[in-house]
Amino acid sequence: MTRLALAWFLALAAVAPARAEMVSDLMRGEAIVTGRDNPEERARGIRIALTQVLIKTCGDDRVAAHPQLPNLLAEAEAHVVGLEYEDRKAGIPIADEQGTRDRSFHLRVEFRPEGVHALLDRLGQAPWDADRPRLLVVLSVADGAGQYVLGSESARGDGQRETLEYDAHRRGLALVVPKMDNVESMALSHREVAEAHGGALGALASSYSADAVLAGTMAMTAQGYWTTDWILLADGMPERWHVPDTTFDRAIALGLGESARVLAGVQ
């Protein structure tokens, strides 16, 4: 075992007590549709919502590209137990055709667990227990204005923070971002995250009762893209992967996608 790997192993051992979280709304998906009375739009929205639920339920976003998925989505409406519409322009007066027939809505759909689990079985997937590991994401960002560690209460990094929250929700991850207040900012620097400082990250994970830590360093390139390195500290040895020049939301999606698969035990 290398010195760096040993540091990560010791950091994981310092995360105690572990506290998994029950993730809610695993059987609920959402889509934006046009109008409330268009059967084709409703069917399209239900298919999108079911795809989201399948991803959340198994923890593997690769099911969205499974060759058998289109055939299974054809029966999506048979697994619906409830749906609701929310007007995306609620409170705005209807003034023209755009405001009537073409008005857009959030369509939220609830599915039967038995039906979803049966579809996963046909896709060769197993459900991931709803009681899931709590994942602490420590993301150090270097942009044109300097370096900082993303925090839930920090003034910088709104885009990255919103993307993390959105992407974690659609994957069914129990995610927490550190506050990075004055005390935490003094204890954990950009350099310590970049060098995978096991002691510092382990102490932070312990304070948030995290079961796993996803540490990342994200730097803006001269061309305006982002290059990112991720390390997932979970059961056993660390998992590492590199995301070359891309958008920050794509880099975050790849980081959380891989983390979800590892935590769910997907091969």
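For the structure, see preceding data.
Residues numbered from 1 in each chain as written. Predicted model: local features only at pLDDT ≥ 70, side-chain atom pairs only at ≥ 80, totals over all residues. Heavy atoms only, no water.

Draft legend 1. Region of interest: the layout of surface pockets. In this structure, the largest pocket spans a volume of roughly 320 Å³. Taken together, 15 residues make up the lining of the largest pocket; nearest its centre are Glu30, Gln52, Tyr166, His169 and Arg170. Ranked by residues supplied to the lining of the largest pocket, first place goes to strand S2 (residues 28-34) with five residues. Taken together, the residues that form the lining of the largest pocket break down as four nonpolar, five polar and six charged. (1 Å grid on protein atoms, 1.4 Å probe; cavity = no way out; pocket = protein on both sides within 12 Å on 5 of 7 lines; lining within 4 Å. Points joined across faces, edges and corners; volume = space filled by probe spheres on them. Helix = DSSP H or I, 4+ residues; strand = E, 2+ residues; numbered from the N terminus. Nonpolar A, V, L, I, M, F, W, Y, C, P; charged D, E, K, R; others polar.)

Draft legend 2. Structural view of the sheet that holds strand S3 (residues 80-87). Read from one edge of the open sheet, three strands run S2-S4-S3, paired in antiparallel fashion. The open sheet has two edge strands, S2 and S3, and neither has a second partner. Each strand axis lies, on average, 25° off the axis of its neighbour in the sheet, ignoring direction. The pairing of S3 with strand S4 (residues 104-111) spans seven bridges and is classified as antiparallel. Each residue of the ladder has a partner; that of Gly82, found in S4, is Glu110. Of the strands in this sheet, S2, S3 and S4 are in contact with helix H2 (residues 39-58), which crosses S2 at around 150°. (Pairing = 2+ DSSP bridges. Axes fitted to C-alpha atoms, helices over the stretch in contact; angles between N-to-C directions. Contact = heavy atoms within 4.5 Å.)

Draft legend 3. Region of the structure containing the packing of H2 against helix H5 (residues 158-171). Where H2 contacts H5, the two axes come as close as 7 Å, and the packing angle between them is 85°. As summarised for this structure, H2 and H5 are arranged roughly perpendicular, according to the angle between their axes. Residues Gln52, Ile55 and Lys56 of H2 form the contact with H5, whose own contacting residues are His169, Arg170 and Arg171. For the contact of H2 with H5, a count of residues per class yields one nonpolar, two polar and three charged. (Parallel < 35°, antiparallel > 145°, perpendicular 65-115°, else oblique.)

Draft legend 4. Structural context of the pairing of S2. Burial along S2 is one-sided: the face carrying Gly29, Ala31 and Val33 is buried and the face carrying Arg28, Glu30, Ile32 and Thr34 is not. In the sheet, S2 pairs with S4 via seven bridges, with the strands oriented antiparallel. Among the inter-strand pairings, Thr34 is bridged to a residue of S4, identified as Ser104. (Buried < 20%, exposed > 50% of the residue type's maximum accessible area, 1.4 Å probe, protein only.)

Draft legend 5. H2, seen in detail. Here H2 spans 29 Å end to end across 20 residues, near enough to the 28 Å set by a 1.5 Å rise per residue. Looking one or two residues past H2, Gly59 carries a phi angle of roughly 85°, positive in sign. (Expected span 1.5 Å × (residues − 1).)

Draft legend 6. Representation of the side chain of Ser104 within the structure. Note that Ser104 resides in strand S4. With relative accessibility at 14%, the residue Ser104 sits in the buried group.

Draft legend 7. Seen up close, H5. Compared with the 20 Å implied by 1.5 Å per residue over 14 residues, the 20 Å span of H5 between its first and last C-alpha is a close match. Residues Gln160, Arg161, Thr163, Leu164, Asp167, Ala168 and Arg171 constitute the buried set of H5. For H5, the angular spread of the buried residues around the axis is 165°, confining them to a single face. The exposed residues of H5 that point more than 90 degrees off its buried face are Glu162 and Tyr166. (Arc of directions from axis to C-beta.)

Draft legend 8. Molecular detail of the packing of aromatic side chains. Under the defined criterion, the tally for this structure stands at two aromatic pairs. Ring plane angle 85° and centroid distance 5.9 Å describe the contact between Tyr85 and Phe105, whose orientation is recorded as edge-to-face. Here the residue Tyr85 occupies a position in strand S3, and Phe105 occupies one in strand S4, the gap between them amounting to 20 residues. On the basis of an interplanar angle of 90° and a centroid distance of 6.3 Å, the ring pair of Trp226 and Phe248 is categorised as edge-to-face. Taken as a pair, Trp226 in strand S10 (residues 226-233) and Phe248 in helix H9 (residues 248-264) lie far apart in primary sequence, 22 residues in all. (Phe/Tyr/Trp six-rings, centres within 6.5 Å; stacked < 30°, edge-to-face > 60°.)

Draft legend 9. Spatial organisation of the pattern of salt bridges. Within this structure, the stated rule accounts for 17 salt bridges. Between Asp61 and Arg171 there is a salt bridge whose closest N-O contact spans 2.7 Å. Of this pair, Asp61 sits in the loop between H2 and helix H3 (69-73) while Arg171 sits in helix H5; the two residues are 110 residues apart in sequence, bridging distant segments of the chain. When the shortest N-O distance is used, the salt bridge between Asp61 and Arg261 registers 2.6 Å. Remark: Arg261 occurs in helix H9 and Asp61 occurs in the loop between H2 and H3; sequence separation between them is 200 residues. Overall, the relative accessible area of 22% leaves Asp61 in the partly exposed class. (Salt bridge = Lys/Arg side-chain N within 4 Å of Asp/Glu carboxyl O.)

Draft legend 10. Local environment of the nonpolar core. Core analysis: the biggest nonpolar cluster contains 25 residues, and Leu135, Leu173, Leu214 and Leu256 have the highest contact counts within it. Elements with a contribution of two residues or more to this core: strand S6 (134-143), H5, strand S9 (212-220), S10, strand S11 (239-246) and H9. The dominant element in this core, judged by the number of residues it contributes, is H9, at five residues. The contacts of Leu173, once residues within four sequence positions are left out, are Trp128, Leu135, Ala168, Leu256, Ala260 and Leu263. In terms of nonpolar packing, the next biggest core, distinct from the first, is built from 23 residues, Leu50, Ala76, Tyr85 and Val109 among them. (Core = buried A, V, L, I, M, F, W, Y, C linked by side-chain atoms within 4.5 Å.)

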